[in-house]
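# An overview of the molecular structure
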Amino acid sequence: MNILNLIKQGESQTVEFKTSFQKEVMESVVAFANANGGKIFIGIKDDGSIQGVQIAKETLKDWINQIKQNTQPQLIVDIDSTTIEDKLIAIVDVKEYPVKPIAYKNRYYKRVKNSNHLMDLMEITNMNLQSLQLSWDSYMAHDTNFDDLDINKIKIFFHRVEAKGRFRLSGTTKEKLQKLNLIKDGAVSNAAKLLFSKELSTYTIHLGRFKTPSMIIDDKVIKTTLFKAVDECMKFIISHLKVAFEFTEEIERKEIFEYPIKAIRELLLNAIVHRDYTSPVDVQIKIFDNSITIFNPGKLYGDLTIEELHTDEYQSRARNKIIVEAFYLTGDIEKYGSGYIRVREEIQKYPTMVFEYKESGDGYLVKLSYTKQKTTQKTTQKTTQKTTQKTTREQILDLLKDNKKLTRSALAQIIGVSPDAIKQHFSKLQNDKLLKRVGGRKDGYWEVLDVE
């Protein structure tokens, strides 16, 4: 892509415009270095119009030195000049830095869409750990030694790992834990402390049953090791869920819980396994008459976005690598980013249920809600049998073959994903020459193209 076309596309995750060389240029330099790299065009206004910039013989060299002297660690960037529309502009080419984060005058920035975001201490710490391919839970817990671990909890864990068959364990207890990186040279990791400690955890899960946002009917505080915390949370949640009963033709009574239990457990596991354990904030679970919310401290990790989670093609990110491995080996979770796919499949069986999720403050919030409680299995058997084995992409194409005028909103409701997710799939299907828009917004329709 030539420079003029790149400028015409406007500012983005990898493109920034500046009218002159100033401190904001250096802020953008470290923001790009802390992300995926990018280009800063100097001599261009915010709207993309070419203004030009004065460049003397030593100007570019001086700019390179200023960037080098004001960044920690020192960054050396490439700066070239070129002429567009008879006006001179400069292009600062910034590469992604391998060991992050980079600072400008002790302030750390990262690129978020088309702007620079000043990072807080938690974001700085997480970025550094991620760039080193480390995680907080792999560091040693200096206030804990091996004798502080509950041997019975460790034996139960080993038994579950062996039963699942994903990893073969051998040797003494310490040798087994060392193979799984839970201890190192006899020192206990943060992960081992959270999983097997004799003492009550300093990390709290607070659960409540609410009639209104300010009226609490029942609440419970859980302070225990992680595997046990999952079980105790599920017991509390299930005890407060409404249950419908369906009698089949064989006079067999079937219980239909207010929410899909598998989806609730998956979301709970996400909150416990992926929470930010450097934060003192509690995991909070609130059960209302027609909704349930789960909040955990820590935003999405790495470069994973809410938009990607709306699709079935997102790549998983692990903030707590050792804890994730432990729950994977016991079969509680899958490591390959399939959790939300399974949640959506379960929710498809509940006709009026809505699945929402967002970053909230310094944490992450998920919500399940419904307008009408499910009371029978029969209403969804026919539809889910056809769709749960297919990807969202395949479902969209199948549905549009039957009805070309289905809207994004209608498709989102039928499939059980967000309209934004449908929009992203539409864009990819059009790029792949599998879908074509015919006509205008009011009277048009979608045509599914045959693959040659």
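See the structure above.
Quick look at the structure, then. The structure presented is a predicted model; accordingly, all values stated were derived computationally and were not measured. As a convention, each chain's residues are numbered from 1 in the sequence order in which they are written. Since the coordinates come from a predicted model, pLDDT governs what is reported: local features require at least 70, and pairs of side-chain atoms require 80 or more to be given and counted, while whole-chain, interface and lining totals use all residues. Calculation of side-chain values draws on the structure's entire complement of heavy atoms; hydrogens and water are dropped beforehand.

The helix and strand labels rest on DSSP assignments: H or I over at least four residues marks a helix, E over at least two residues marks a strand, and numbering proceeds from the N terminus. Position of Val 343 relative to the elements: it lies in helix α12 (residues 339-347). In this structure the C-alpha to C-alpha distance between Val 343 and Tyr 203, which are 140 residues apart in sequence, comes to 26 Å. The contact definition used throughout considers only heavy atoms, calling two residues in contact when any of these lie within 4.5 Å. Ignoring anything within four residues of it in the chain, the contact list for Val 343 reads Ala 263, Glu 266, Leu 267 and Phe 355.

With that settled, consider the side chain of Ser 369. Mapping Ser 369 onto the fold places it in strand β18 (residues 363-369). Apart from the residues lying within four places of it in its own chain, the contact partners of Ser 369 are Asn 290, Ser 291, Thr 352, Met 353, Val 354 and Glu 356.

Note on exposure labels: buried denotes an accessible area under 20% of the residue type's maximum, exposed denotes more than 50%, and partly exposed covers the range between, all computed with a 1.4 Å probe on protein chains only. Taking burial as the measure, the 7 residues of β18 include 5 buried ones, the bulk of the element. Paired strands are those between which DSSP finds at least two bridges. Inspection of the sheet shows strand β16 (residues 291-297) paired to β18 by 7 bridges, in the antiparallel sense. Considered in β18, the bridge of Ile 294 is made with Val 366. As paired elements, strand β17 (residues 354-360) and β18 share 7 bridges and run antiparallel to each other. Looking at the pairing, Ser 360 lines up with Gly 363 of β18. From the end of β17 to the start of β18, which pair antiparallel, there are 2 residues, and Gly 361 there has a positive phi angle of about 60 degrees.

A separate point is the packing of aromatic side chains. By convention here, two paired aromatic rings are described through the distance between centres and the angle between planes. Centre distance within 6.5 Å is the pairing criterion for rings of Phe, Tyr and Trp, where only the six-membered ring of Trp is used; planes under 30 degrees apart are then read as stacked, over 60 as edge-to-face, and the remainder as tilted. Here the structure, examined in full by the defined rule, presents 15 aromatic pairs. An angle of 70 degrees between the planes, with centres 6.2 Å apart, marks the rings of Phe 17 and Phe 41 as edge-to-face. Within this pair, whereas Phe 17 is found in strand β1 (residues 15-18), its partner Phe 41 is found in strand β2 (residues 38-42), the two being separated by 24 residues in sequence. Taken individually, Phe 17 and Phe 41 each receive the classification buried, so the pair is uniform in this respect. Taking the ring centre of Phe 146 as reference, the NZ or CZ of Lys 174 above it sits at 4.8 Å. A cation over an aromatic ring shows up here: Arg 275 above the ring of Tyr 277, its NZ or CZ 4.7 Å from the ring centre. To sit over a ring, a charge needs its Lys NZ or Arg CZ within 6 Å of the ring centre and within 35 degrees of the ring normal.

On their own, these measurements won't tell you what the molecule is for.
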